[in-house]
Amino acid sequence: MYAIVEIAGQQFKVSKDQKVYVHRLASEEGAKVSFDKVLLLDDNGNVTLGAPAVEGASVEAKVLQHLKGDKVIVFKKKRRKGYKKKNGHRQALTQIVIENIVGGGAKKKATKKAEATEE
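Source: prediction; values computed, not measured. (Residues numbered from 1 in each chain as written. Predicted model: local features only at pLDDT ≥ 70, side-chain atom pairs only at ≥ 80, totals over all residues. Heavy atoms only, no water.)

A few points about the sheet that holds strand β1 (residues 2-7)
(1) Moving on: Pairing is antiparallel across the open sheet formed by four strands, whose spatial order is β2-β1-β5-β6. Two strands in the sheet have a free side with no partner beyond their single neighbour: β2 (10-15) and β6 (46-49). Neighbour-to-neighbour, the strand axes of this sheet turn through a mean angle of 20 degrees, independent of strand direction. (Pairing = 2+ DSSP bridges. Helix = DSSP H or I, 4+ residues; strand = E, 2+ residues; numbered from the N terminus. Axes fitted to C-alpha atoms, helices over the stretch in contact; angles between N-to-C directions.)

Here is the structure:
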């Protein structure tokens, strides 16, 4: 079972007991968090698509730690002009572990065109 869920503005494909690094969340370490914006839910081949999100579905996770990502160096230079600028950035991240995927909602109804071709 897996789900595609939107966490802090980014979409992730998650499954149970998976560790994920996401943008910094405003939760304490060890706290439980729930994400309701589930875009797709797959339960052993039974796919439920959201429009835009699956009704009643949620992903429950636990915050493991807050940390900083690797340093990214930004270096700008214009040749023969004496212009050099060096800058660095470390992204603030949160490591979470997915504890449970709660399914919900009904299957997406077939369109009228698809129903007509089946008959």
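Description of the environment of L25
(1) Moving on: Here L25 lies in the loop between β3 (19-23) and β4 (32-35).
(2) Moving on: The class of L25 is buried, set by a relative accessible area of 14%.
(3) Moving on: In this structure, the C-alpha to C-alpha distance between L25 and T94, residues 69 residues apart in sequence, is 6.3 Å.
(4) Moving on: Not counting chain neighbours up to four residues away, the residues in contact with L25 comprise I7, A8, F35, H66, T94 and I96. (Buried < 20%, exposed > 50% of the residue type's maximum accessible area, 1.4 Å probe, protein only. Contact = heavy atoms within 4.5 Å.)

With respect to the pairing of β2
(1) Moving on: In this structure, β1 lies alongside β2, joined through six bridges in antiparallel fashion. Counted as the bridge partner of E6 is Q11 from β2.
(2) Moving on: The turn joining β1 and β2, which pair antiparallel and follow one another in sequence, is formed by two residues; a positive phi near 50 degrees is taken by A8.

Comments concerning the packing of aromatic side chains
(1) Moving on: Scanning the model with the defined rule gives zero aromatic pairs in all.
(2) Moving on: A cation sits over an aromatic face here: K13 above Y2, 4.4 Å from the ring centre.
(3) Moving on: One cation-aromatic arrangement involves K78 over Y83; the distance from NZ or CZ to the ring centre is 5.7 Å. (Phe/Tyr/Trp six-rings, centres within 6.5 Å; stacked < 30°, edge-to-face > 60°. Lys NZ or Arg CZ within 6 Å of the ring centre and 35° of its normal.)

Let's talk about the sheet that holds strand β8 (residues 83-102)
(1) Moving on: The four strands lie next to each other as β3-β8-β7-β4, forming an open sheet whose pairing is antiparallel. Single-partner strands in this sheet number two, and they are β3 and β4. This sheet shows a mean twist of 50 degrees between the axes of neighbouring strands, independent of strand direction.
(2) Moving on: As judged from the five bridges shared by β3 and β8, these two strands associate in the antiparallel manner. Across the sheet, H23 pairs through a bridge with L93, a residue of β8.

Focus on the side chain of S58
(1) Moving on: Residue placement: S58 occurs in strand β7 (residues 58-78).
(2) Moving on: For S58, a relative accessible area of 11% gives the class buried.
(3) Moving on: Look past the residues within four positions of S58 in its chain and what remains in contact with it is S34, F35, D36, V38, N100, I101 and V102.

Concerning a positive patch on the surface
(1) Moving on: Together, R24, K68, K71, K86 and R90 give the surface a local cluster of positive charge.
(2) Moving on: Elements that contribute at least two residues to the positive patch include exactly β7 and β8.
(3) Moving on: Turning to its location among the elements, R90 is positioned in strand β8.
(4) Moving on: Residue R90 is classed as partly exposed on the basis of its relative accessible area of 42%. (Patch = residues over 30% accessible without salt bridge, like charges linked within 9 Å, V, L, I, M, F, W, Y side chains within 5 Å. Areas by Shrake-Rupley, 256 points an atom, 1.4 Å probe, with all protein chains shown as cover. Salt bridge = Lys/Arg side-chain N within 4 Å of Asp/Glu carboxyl O. Lys, Arg positive; Asp, Glu negative; His and termini not counted. Charge placed at Lys NZ, Arg CZ, Asp CG, Glu CD.)

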